Amino acid sequence: DTGVSQNPRHKITKRGQNVTFRCDPISEHNRLYWYRQTLGQGPEFLTYFQNEAQLEKSRLLSDRFSAERPKGSFSTLEIQRTEQGDSAMYLCASSFAGDTEAFFGQGTRLTVV
Amino acid sequence: KNEVEQSPQNLTAQEGEFITINCSYSVGISALHWLQQHPGGGIVSLFMLSSGKKKHGRLIATINIQEKHSSLHITASHPRDSAVYICAGRRWGSQGNLIFGKGTKLSVKP
């Protein structure tokens, strides 16, 4: 297992387009988390899954954002009608259930032009 | 005021110096994480602790639950330690919701 994998690493898109990011967690981990990090700031929680169930969503996750984890393995994060304010690093992490260490992916850097 | 505050924001040290990064939090947390982020974005988990002290190599993390304060220490610092160090608290009652500090940018000069 090579750890948490995110694709693509970089994405440049025009305002108004839809984008989708993928996260492949560590295979034994049943929890998967999405965070967003803007320049110079710490990451902010977006949502998390336990297996295929989305258990918590941040108010940051507007109607244009949707995340899925259909089979309890990989997850996708889709942003519809992108805006310049969506430009950020989108980070995925996975862990076992409980207060356990989370392992992060390399992130997907989104630039909306 | 952020729920997790780190200090200092930026830190420059000479190789070999002992470094301390501080983290204070104002919310109830069940665990605190120290993370390291290198340019390019990748984050590595250094420690997760809910009480006391943990040590890994040259890194030491402590937490004082009563004072809502944690510190990360680096002994015998090295230029390869240069990175952004982030503390994050896991909010009580929320298994997913980590509250992050803004990070401390450390630069260790040879």
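Because the structure is predicted, anything quoted here is derived from the model rather than measured.

1. What to know about the overall build of chain B
Broken down by element type, chain B carries zero helices and 11 strands. Each helix and strand of chain B, ordered N terminal to C terminal, gives the series β-β-β-β-β-β-β-β-β-β-β. Rg of the C-alpha trace for chain B: 13 Å, near the compact-globule value of 13 Å for 110 residues, within the 12% margin. Viewed in the frame of its principal axes, chain B has a C-alpha envelope of about 45 × 30 × 25 Å. Burial statistics for chain B: of 110 residues in total, 49% are counted as buried.

2. Concerning the interface of chain B and chain A
Contact residues are listed per partner, giving 21 residues for chain B and 23 residues for chain A. In this assembly, chain B packs against chain A so that about 1800 Å² is buried in total across both faces, 50% of it on carbon and sulfur atoms. Linking chain B to chain A there are zero salt bridges. Linking chain B with chain A are two residue pairs in polar contact (both at pLDDT 80 or more). Broken down by element, the residue count for the side of chain B that touches chain A peaks at five residues, all from strand β4 (residues 29-37) of chain B. Looking at the side of chain B that touches chain A residue by residue, the classes come out as seven nonpolar, 12 polar and two charged.

3. What to know about the environment of N10(B)
Locating N10(B) in the fold gives a position in strand β2 (residues 10-14). Placed 40 residues apart in sequence, N10(B) and S50(B) show a C-alpha to C-alpha distance of 26 Å.

4. A closer look at the state of the cysteines
In a disulfide, the sulfur atoms of two cysteines are held together by a covalent bond. One pass over the structure, following the stated rule, counts two disulfides over all chains. The partner cysteine of C23(A) in its disulfide is C92(A), sulfur to sulfur 1.8 Å. Linking C23(A) and C92(A), the disulfide has an S-S dihedral of approximately -70° and is accordingly described as left-handed. In this pair, C23(A) is assigned in strand β3 (residues 19-24) and C92(A) in strand β9 (residues 88-95), connecting sequence segments 69 residues apart. We classify C23(A) as buried; its relative accessible area is 0%. Here C23(B) is linked by a disulfide to C87(B), with a sulfur-sulfur distance of 2.0 Å. Note on the C23(B) and C87(B) pair: the S-S dihedral is about 75°, so by sign convention the disulfide is right-handed. Taken as a pair, C23(B) in strand β3 (residues 19-25) and C87(B) in strand β9 (residues 83-91) lie far apart in primary sequence, 64 residues in all. Neither residue differs from the other here; C23(B) and C87(B) are each classed as buried.

5. Comments concerning the sheet that holds strand β7 (residues 65-68) of chain A
All names here are of chain A. Read across the sheet, four strands follow the order β1-β3-β8-β7 without closing on themselves; strand pairing throughout is antiparallel. The two strands at the open ends of the sheet, each matched to only one other strand, are β1 (5-7) and β7. Each strand of the sheet is rotated relative to its neighbour by a mean of 15°, with strand direction disregarded. The pairing of β3 with strand β8 (residues 75-79) spans five bridges and is antiparallel.

6. Some remarks on the pattern of salt bridges
Taken as a whole and assessed by the stated rule, the structure comprises five salt bridges over all chains. The salt bridge partner of E83(A) is R64(A), with a shortest N-O separation of 3.4 Å. Of this pair, E83(A) sits in the loop between β8 and β9 while R64(A) sits in the loop between β6 (53-57) and β7, placing them 19 residues apart in sequence. The class for E83(A) is partly exposed, based on a relative accessible area of 41%. For R91(B), the salt bridge is made with E3(B), and the minimal N-O distance between the two is 3.1 Å. Taken together, the residues R91(B) in strand β9 and E3(B) in the segment before β1 (4-7) connect sequence positions 88 residues apart. Judged by its relative accessible area of 27%, R91(B) falls in the partly exposed class. Members of the salt-bridge network, linked through shared partners, are R64(A), E83(A) and D86(A).

7. Section: the environment of S24(B)
All names here are of chain B. Within the secondary structure layout, S24 lies in strand β3. According to the relative accessible area criterion, S24 is partly exposed, its value standing at 32%. A sequence separation of 63 residues divides S24 from C87, and the C-alpha atoms of the two residues are 9.1 Å apart. Among residues more than four places away in sequence, those in contact with S24 are E3, V4, E5, K68 and H69.

Cut-off values and rules
- Residues numbered from 1 in each chain as written.
- Chains lettered and ligands numbered in written order.
- Predicted model: local features only at pLDDT ≥ 70, side-chain atom pairs only at ≥ 80, totals over all residues.
- Heavy atoms only, no water.
- Helix = DSSP H or I, 4+ residues; strand = E, 2+ residues; numbered from the N terminus.
- Rg over C-alpha atoms; globule rule 2.2 N^0.38 Å.
- Buried < 20%, exposed > 50% of the residue type's maximum accessible area, 1.4 Å probe, protein only.
- Contact = heavy atoms within 4.5 Å.
- Buried area = accessible area lost by both parts, 1.4 Å probe.
- Salt bridge = Lys/Arg side-chain N within 4 Å of Asp/Glu carboxyl O.
- Polar contact = N/O pair within 3.5 Å; in protein donor to acceptor, adjacent residues only side chain to side chain.
- Nonpolar A, V, L, I, M, F, W, Y, C, P; charged D, E, K, R; others polar.
- Disulfide = S-S within 2.5 Å.
- Pairing = 2+ DSSP bridges.
- Axes fitted to C-alpha atoms, helices over the stretch in contact; angles between N-to-C directions.

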